[in-house]
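Read off the chains here:
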Amino acid sequence: MDILKERGNQVVTKGLDEHELACDKASLAGSVSQRACVFCGSRVVLYPIADALHLIHGPIGCAAYTWDIRGSLSSGPQIHRLSFSTDLQEKQVVFGGEKTLKSALIELIDQYQPKAAFVYSTCIVGLIGDDVEAVCRNVSKEKGIDIIPVQAPGFAGSKKDGYKVACDALMKLIGTMGTNETIPESINIIGDFNLAGELYLLVDYYKKMGVKIVATITGDGRVDDIRQAHKAALNIVQCSGSMSNLARQMEAKYHIPFLRVSYFGIEDMSEALYEVARYFNSKSMMDKAIALVRQEVGDLIPKLAFYKNALTGKKAAIYVGGAFKAISLIKALRMIGVQTVVVGSQTGNKDDYKIMQDISDEGTILVDDTNPLELTQFVKAKKADILIGGVKERPIAYKLGIGFCDHNHERKLALAGYEGMLNFAREVYATAMSPVFQFTKTDH
Amino acid sequence: MEALKEKAFVSTRNACKLCTPLGASIAYKGIAGCVPLIHGSQGCATYIRRYLISHYKEPVDIASTNFSEESAIFGGQSNLFAALNNITKQYKPEIIGIATTCLSETIGDDMQAIIQHYQAQNTLPDSPQLTYVSTPSFKGTHANGYHDTVLALVKRFAAFTETNNAINLLPGFLSTADLRHLKEIMRDCGLPSIMLPDYSDTLDNEYNGSYEKVPEGGTSIEELVAAGSSRASIELGHILNHATSKESAGTYLEKNFSIPRFNLPIPIGIKASDEFFTILQRLSGAAMPQKYLKQRGRLVDAYVDGHKYVFGKKAIVYGEEDFVLSMVGFLEEIGLETVLCASGGGSGLLKKMISEKVNPRQDIMVRDDFDFEDIAVACRDLKPDLMIGNSKGYYIARELGIPLIRVGFPIHDRLGGQRIRHVGYEGTHELFEKIANALIEHMQEHSPVGYKYM
Ligand code: SF4
Ligand code: SF4
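Residues numbered from 1 in each chain as written. Chains lettered and ligands numbered in written order. Predicted model: local features only at pLDDT ≥ 70, side-chain atom pairs only at ≥ 80, totals over all residues. Heavy atoms only, no water.

So, the site of ligand 1
Stage number 1. Every residue close to ligand 1 is listed here: A:Pro59, A:Gly61, A:Cys62, B:Cys19, B:Pro21, B:Cys44, B:Thr101, B:Cys102 and B:Ser137.
Stage number 2. By residue class, the composition of the shell around ligand 1 is 6 nonpolar, 3 polar and no charged. (Near = heavy atom within 4 Å. Nonpolar A, V, L, I, M, F, W, Y, C, P; charged D, E, K, R; others polar.)

Dropping the structure here:
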């Protein structure tokens, strides 16, 4: 296979290769990485906070490309769906952009009355010497809301570093409202971004178990809830990549323990409920969880049987942002008879990749931070029938004449929870079984 | 309408423009064997790719020099070198088209020097050609990036050898179907042409079962060179890159190679298409081919059939400056009243060009450097019947409960947005019927009766 030499150790075939899968490396210059930047990471995490103002300080691109880009829903305010930029011009690049930033903040706060504001500094802001912190401090005093600078120049690392920056920003909000009393049997749901309304399902499950929810961070997020998040008894963290850091910081500062969970697939979803009941050591919670799972799974299994029957023997390639999600996907696919033959992520770490390797079948290719040319070769070599990924992977699948299933931030279909599992099966079925692929079989 | 000020906010709210390297990348995609390389941090390239993939529904490989903290301090030379080596190894391109970013421009990387330095070290026979364009986004929009790149390409390659019979066609930022249609017209008129750029295949490829590293198609380097020896240039669009440069590819060729330049609006509408065909006839010395006479006739027929449904309706038009300029011209000739013509571009020329080139029946409110929230606010007073522009205005149309006619770039919420045809008699015909039908449908759906006839 044709892989850049420097990337050789970021690819492993289980059962064939001896080396560990290397990760946490910067992308190679000149490779067409599917990764984004620090700013992207920070924005992904903070943006679902719907009653906050998100102002991007920099030239227009970063704001224009992220306008309403993800399907993070809000049950109330919608400020997060607007794209605000200071749209720096040459004049500001030469003479500084502080004045522009200040006027922009004031006018936007007056117009939209947000509960807090995040100011993202992108690539050139540091270079032109703007003191963003000072501007935020001043306007904050004037307007009486928290204005939190998010230092996110794209070059300062990868998307993952952006997650960390976002977690630091959240820490500045948490603990700024309410007493320090812990609410018994209460949780924060961390790391679900309410894509296609998934969070509503989860909240519903936990409430049925009798668990109280303090804050959802950041899906359907509200500033005041987040400010009181320190009152929760337990943090439930999904998606190891983006928000474990926040949970760790909250543990250190507020002594709130956390559990890592995943909501994709029946197994992981059910475990996410049981674990909470186990943690609170509550029989009533556990009974309700068991009843809920029995009910949901009972409804689901017969419906899934049809898909499993049809899909058995199909092969999938997975390339997603976080490795934790990839792991759930392997399991969820297995449940509907689909075997994973290629699996990778943009930002997985050592531990994730270890688990991934353990649950993978022999011969599966595992990969970190791949690019279109590599991915194409893997998919072909392993004769995958479908590819699961994001928008940037879609044309790869389609040009190779195989199915595609969007498991990224723009999808319009809830894939978490039990309902989500059924949606997922339908999605995979809709693409793997479509008759149009009779025309894509070429013999070269 | 004096209540409506120029852009009301210091900040930009829901931008009606994109950044310069995006335009550069599209132009580079129209060069055969070219891999675009964006010199800056990784995010810019990834976002631009994502944006383009959602519109073209095609793979769009754009490499990045992936700046790190060190490059931001010490300059991007070593990253650029590494990137050029890696792209050469993986893609084996004929040419690498480099576009700078806000970051590399602010740091002050001297691209010319860096590239010369690289070339001095790399003299292998199969190393790709290199070219670059300066595209800081704090100057101009994606439209400037596009035209500046076309200019940079002719500056880099065009040379005089001996006069050939070809016509340079500089189409501007059009859809892939537009580019194909223009080529067809040139062919039918018996005019050999060099179209620059030509992404009609590379960004709208047929299925062939493989992920092509560098898709086939595009203007070849030989053609770029030969562009300096053509007998005429047709440059579509009047505003071009004038926000950032006085010179365009067409004026450069005219000045340096004495190639006569015909500057026309993008041919949307009968008048603009007539103008275009008139020049073609002059260049070919032959009459308009029968095929196009028929197309024109059919278009007039369609105008007559549908005139009542569009006449007097109020439209809001937005997008790139040259695009809206032509669109307004077209709407004028069918009796649709443009109540606001807006662009995120800021050449300062739009208003003047509309009154000069279109000379509308009544005063049109023209706003450049506008954003979508400005448009949304304006709509509350203007009460338009429809909006005409890219898909990003959908949220406003939805709020107003009026149809949005999707044209231009980007179309992120429909299939086939990359191949909407706007130009020529046939393109105009399709547009006209799309507009009329949208209005008819709107009427039908809001009628208590639900008529079966129009
Ligand atoms: S830094 Fe400049 S080039 Fe990059 S995305 Fe932002 S505006 Fe565009
Ligand atoms: S790399 Fe920098 S300029 Fe580019 S999108 Fe990210 S923050 Fe914006």
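Some points on the sheet that holds strand β8 (residues 234-238) of chain A
Hydrogen bonds between backbone groups are what pair the strands of a sheet, and the pairing can be parallel or antiparallel.
Residues and elements named next belong to chain A.
Stage number 1. Across the sheet, 4 strands lie side by side as β7-β6-β8-β9; this open sheet has parallel pairing. A single partner strand is all that each edge strand has here, and the edge strands are β7 (212-217) and β9 (258-261). Each adjacent strand pair in this sheet contributes to an overall mean axis angle of 20°, direction not counted.
Stage number 2. Across 5 bridges, strand β6 (residues 186-190) lies against β7 in parallel orientation. Opposite Asn-188, over in β7, you have Ala-215 as the bridge partner.
Stage number 3. Strand contacts of helix α10 (residues 266-280): β6, β8 and β9, with the helix running at about 165° to β9, the strand carrying the most contacts. (Pairing = 2+ DSSP bridges. Helix = DSSP H or I, 4+ residues; strand = E, 2+ residues; numbered from the N terminus. Axes fitted to C-alpha atoms, helices over the stretch in contact; angles between N-to-C directions. Contact = heavy atoms within 4.5 Å.)

Description of the interface of chain B and chain A
Stage number 1. Opposite the 61 residues of chain B that make contact, chain A presents 65 residues.
Stage number 2. Summed over both partners, the interface of chain B with chain A comes to about 5500 Å²; 61% of that surface belongs to carbon and sulfur atoms.
Stage number 3. At the boundary of chain B and chain A, one finds 3 salt bridges.
Stage number 4. At the junction of chain B and chain A, the tally comes to 19 residue pairs in polar contact (both at pLDDT 80 or more).
Stage number 5. Every element with two or more residues in the side of chain B that touches chain A is listed here: β1 (12-13), α2 (42-56), β3 (63-64), α3 (69-74), α4 (77-91), α5 (102-107) and α15 (372-382) of chain B.
Stage number 6. Among the elements that line the side of chain B that touches chain A, the one with the most residues is α2(B), at 10 residues.
Stage number 7. Of the residues assigned to the side of chain B that touches chain A, the class counts are 27 nonpolar, 21 polar and 13 charged. (Buried area = accessible area lost by both parts, 1.4 Å probe. Salt bridge = Lys/Arg side-chain N within 4 Å of Asp/Glu carboxyl O. Polar contact = N/O pair within 3.5 Å; in protein donor to acceptor, adjacent residues only side chain to side chain.)

Brief notes about the pattern of salt bridges
Stage number 1. For the coordinates displayed, the defined rule picks out 30 salt bridges over all chains.
Stage number 2. Residue A:Arg278 is joined to A:Glu271 by a salt bridge in which the shortest nitrogen-to-oxygen separation is 3.1 Å.
Stage number 3. Where B:Asp198 meets B:Lys183, a salt bridge forms, and the shortest distance between an N and an O atom there is 2.7 Å. Residue B:Asp198 is located in the loop between β7 (193-195) and α9 (221-226), and its partner B:Lys183 is located in helix α8 (residues 176-188); the two are separated by 15 residues in the primary sequence.
Stage number 4. The exposure class of B:Lys183 is partly exposed, given its relative accessible area of 24%.
Stage number 5. Bridged by salt links that share partners, the residues A:Asp146, A:Asp224 and A:Arg227 form one connected network. (Buried < 20%, exposed > 50% of the residue type's maximum accessible area, 1.4 Å probe, protein only.)

A word on the pairing of strand β10 (residues 314-318) of chain B
It is a general feature of regular strands that their side chains alternate between the two faces of the sheet.
Residues and elements named next belong to chain B.
Stage number 1. In terms of residue burial, β10 counts as a mostly covered element, since 4 of its 5 residues are buried.
Stage number 2. As judged from the 5 bridges shared by β10 and strand β11 (residues 337-342), these two strands associate in the parallel manner. Directly across from Val-317, in β11, lies its bridge partner Cys-341.
Stage number 3. For the segment spanning β10, helix α13 (residues 321-334) and β11, crossover handedness is right-handed.
Stage number 4. Bridge count for β10 against strand β13 (residues 386-389) is 3 bridges, and the pairing is parallel. Bridge pairing in β13 places Ala-315 opposite Leu-386. (Right-handed = clockwise from strand over helix to strand, strands pointing away.)

Regarding the side chain of B:Thr428
Residue and element names in this part refer to chain B.
Stage number 1. Here Thr-428 shows up in helix α17 (residues 424-445).
Stage number 2. A residue is classified by how much of its surface remains accessible, and Thr-428, at 0% relative accessible area, is buried.
Stage number 3. The contacts of Thr-428, once residues within four sequence positions are left out, are Pro-267, Ile-268, Gly-269, Ser-273, Leu-299, Tyr-303, Phe-330, His-422 and Val-423.

A short note on the confidence of the model for chain B
Stage number 1. Put simply, chain B has an average pLDDT of 95, and 99% of its residues get 70 or more.
Stage number 2. For this predicted complex, the interface confidence reaches an ipTM of 0.95, while the overall pTM sits at 0.95. (pLDDT = per-residue confidence, 0-100.)

Considerations on the site of ligand 2
Stage number 1. Around ligand 2 lies a shell formed by A:Cys37, A:Phe39, A:Cys62, A:Thr122, A:Cys123, A:Ala152, A:Gly154, B:Ser41, B:Gly43, B:Cys44 and B:Tyr47.
Stage number 2. In this structure, ligand 2 is bordered by residues of chains A and B.
Stage number 3. A total of 3 residues in the shell around ligand 2 trace back to one element, the largest contributor, which is α2(B).
Stage number 4. When its residues are assigned to classes, the shell around ligand 2 shows 7 nonpolar, 4 polar and no charged.

Quick look at the domain arrangement of chain A
Residue and element names in this part refer to chain A.
Stage number 1. Parsing chain A into structural domains produces domain 1 (5-24 + 308-439), domain 2 (38-171) and domain 3 (186-290).
Stage number 2. On a C-alpha basis, the centroid separation for the pair domain 1 and domain 2 is 33 Å.
Stage number 3. The interface of domain 1 with domain 2 comprises 7 residues on the first partner and 5 residues on the second.
Stage number 4. Taken together, the two surfaces of domain 1 and domain 2 that pack against each other cover about 570 Å², and 43% of this comes from carbon and sulfur.
Stage number 5. For domain 1, the biggest contributors to the area lost against domain 2 are Thr-347, His-409 and Glu-410; these three give 74% of the whole. (Domains from an automatic or database assignment.)

Brief notes about the packing of helix α7 (residues 142-157) of chain B against helix α10 (residues 249-257) of chain B
Residue and element names in this part refer to chain B.
Stage number 1. The N-to-C vectors of α7 and α10 enclose an angle of 25°; their axes lie 8 Å apart at closest approach. By the criterion of interaxial angle, the relationship of α7 to α10 is roughly parallel. Every residue of α10 that contacts α7 at Val-150, Leu-151, Val-154 and Lys-155 is listed here: Ala-249, Tyr-252 and Leu-253. (Parallel < 35°, antiparallel > 145°, perpendicular 65-115°, else oblique.)

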